[in-house]
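Summary of structural features
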Amino acid sequence: MSHFPNPDCAAELTGVQLHYPKGPAVLQGLDWQLRPGQVVGLLGRNGAGKTTLLETLLGLREPEAGRVRLFGQDALKLDDAARARIGYVPQQSDLFEAFTPAQLLAYFRSFYPRWNQAKVDGLMSRWDIRADQPIRKLSGGQKQRLSIIRALAHEPDLLVLDEPVASLDPAGRRDFLRELVGQVMDRGATVVFSTHILSDLERVAFNVAFLSQGRIALQAPLDELLDEVRAFTGSVTEMAALMARLGAEPLRRMPLEAGRERVLARLPAATALPAGVAAERVNLDDLFSELT
Amino acid sequence: MDPLHFVHINTGSTEPIYRQVIEQVKRRVAAGQLKAGDAIPSVRELAQALAVHPMTVSKAYSLLESDGVLERRRGLSMVVAAQHQQAQPTADRAELLRPTLQKAAAEARQLQLSKTQALTLFKTILDENTP
């Protein structure tokens, strides 16, 4: 695929290919664009390659083919100014365990031209993290919170969150989401995150992206998908005629017995279903299980 | 208006969050709980209280504005529109319940419940939730 990089994208992946060493293909000609201010929830089954995709997006893995650009720059050769605009909460804690939180944050602070110490202090006290004991003594949830504080401290323009709330309890998750909504989204930052907790994703991800078979199979505003996607059931010939009549875009077909099938399809925006056509609405769980 | 208790949303629904906000505000205006000139939470306040994306709230507010339920005051704040001086007549309010009951009726038929069985259940539920 050849086109000019889009300077309006916070992140742009084009034709990205990646195999695990001696293993199967993970990303197979993947194209993906994140526009400034978009908040995108990344959905995919276990092992679909979400973490690999996020690491590739950040320039932490070099694809075998294709191109990754962040703020218009080659992700593998980012300059310090672009690097300072990125925040990342990895799935596995990568904090220096022998440091105290205070030492860790002071260390990171030295790398960033912008650093909001008031925000750091506020979150440290709100999230009840002691600044003066070694990180290895913190609980999993506290380490995850500290990792989030580290990623938010320099007010990044692009925030990448890989399962950021896996170790948090429901109250901790809600508080984290409020922080995201109130501070990060309010600033117009671009956010991409993966999580298995669909209810969290439904709240804050205005857009959802489905990773399936090494590609982004679909990315759209979740509101639009819930308004426009329906499940239809009937004979294969009936379904083909119905899709044509409705101008609907089939997203997934599942064969049933006796020449029948179930079709998940997206109706054109703002069209009502004609009377007499039976269809089921879907929720985010249905979309996840059928499109990933 | 306390943004934490202004509306409640359910995740996992087939109804997008912005529509849940719209329907609840409409019901509260129809019931006269919210009246002309009442201030409603700002987009930021409600987004943060619900922990939802601010665009979801602003989409709901814009649609409520174009439906004549809300109006924009000077600046960015929104209030309940001037025409909503009092609760709507009972018949109009009952009409707002129709879509939910139609859905319940369809499910009752699928479950092969009799009219009496379904109505008894509805009565029980109404009694249960009386504060």
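The coordinates are above.
What comes next is a walk through the structure. Each chain carries its own residue numbering, running from 1 in the direction its sequence is written. Written order decides the labels, with chains lettered from A and ligands numbered from 1. Totals for whole chains, interfaces and linings use every residue, but because this is a predicted model, local features are given only for residues with pLDDT of at least 70 and side-chain atom pairs only at 80 or more, for both listing and counting. Calculated side-chain values reflect all of the structure's heavy atoms, with hydrogen atoms and water omitted.

Some details on a nonpolar patch on the surface
Residues and elements named next belong to chain B. A contiguous nonpolar patch, built from L97, L101, F122 and L126 and spanning about 330 Å² of accessible area, is present on the exposed surface. Runs of E in the DSSP output that reach at least two residues are strands. Runs of H or I that reach at least four are helices, and both are numbered from the N terminus. Every element with two or more residues in the nonpolar patch is listed here: α4 (90-110) and α5 (115-128). Here L97 lies in helix α4. Using a 1.4 Å probe on the protein chains alone, a residue whose accessible area is under 20% of its type maximum counts as buried, one over 50% counts as exposed, and one in between counts as partly exposed. In this structure L97 comes out as partly exposed when scored by relative accessible area, which is 39%. Residues enter patches when they are more than 30% accessible in relative terms and free of salt bridges; like-charged ones are connected within 9 Å and nonpolar ones (Val, Leu, Ile, Met, Phe, Trp, Tyr) within 5 Å. What sets the accessible areas is the Shrake-Rupley method with a 1.4 Å probe; for residues, cover comes only from the shown protein chains. Salt bridges are identified by distance alone: a Lys or Arg side-chain nitrogen within 4 Å of an Asp or Glu carboxyl oxygen.

Quick look at the sheet that holds strand β2 (residues 25-34) of chain A
Residue and element names in this part refer to chain A. One open sheet holds the 4 strands; their spatial order is β2-β1-β4-β5, and the pairing between them is antiparallel. Lying at the two open borders of the sheet, with one neighbouring strand each, are β2 and β5 (73-74). In what follows, residue pairs with any heavy atoms lying within 4.5 Å of each other are defined as contacts. Inter-axis angles, ranging from 0 to 180 degrees, are taken between N-to-C directions of lines fitted to C-alpha atoms, where helices are fitted over the stretch in contact. On the sheet, helix α1 (residues 50-57) packs against β1 (11-19), β2 and β4 (65-70) and is oriented at approximately 55 degrees with respect to β2. At least two bridges found by DSSP between two strands is the condition for calling them paired.

With respect to the interface of chain B and chain A
The interface of chain B with chain A comprises 24 residues on the first partner and 20 residues on the second. Interface area for chain B against chain A, summed over the two sides, is near 2,000 Å², with a carbon-plus-sulfur share of 53%. Taken together, the links from chain B to chain A amount to 2 salt bridges. With a shortest N-O distance of 2.7 Å, D227 of chain A and R19 of chain B are connected by a salt bridge. Any pair of N or O atoms that falls within 3.5 Å is considered a polar contact. Within protein, one atom must be able to donate a hydrogen and the other to accept it, and sequence-neighbouring residues count only if both atoms are side-chain atoms. Counting across the interface, chain B meets chain A through 9 residue pairs in polar contact (both at pLDDT 80 or more). Secondary structure elements with two or more residues in the side of chain B that touches chain A: α1 (17-30), α2 (43-50) and α3 (54-66) of chain B. The biggest single contributor to the side of chain B that touches chain A is α2 of chain B, with 5 residues. The class makeup of the residues in the side of chain B that touches chain A is 12 nonpolar, 8 polar and 4 charged. A simple way to read buried area is as the amount of 1.4 Å-probe accessible surface that goes missing from two parts once joined, with both sides added. Gly is placed with the polar residues, together with every amino acid not listed as nonpolar (Ala, Val, Leu, Ile, Met, Phe, Trp, Tyr, Cys and Pro) or charged (Asp, Glu, Lys and Arg).

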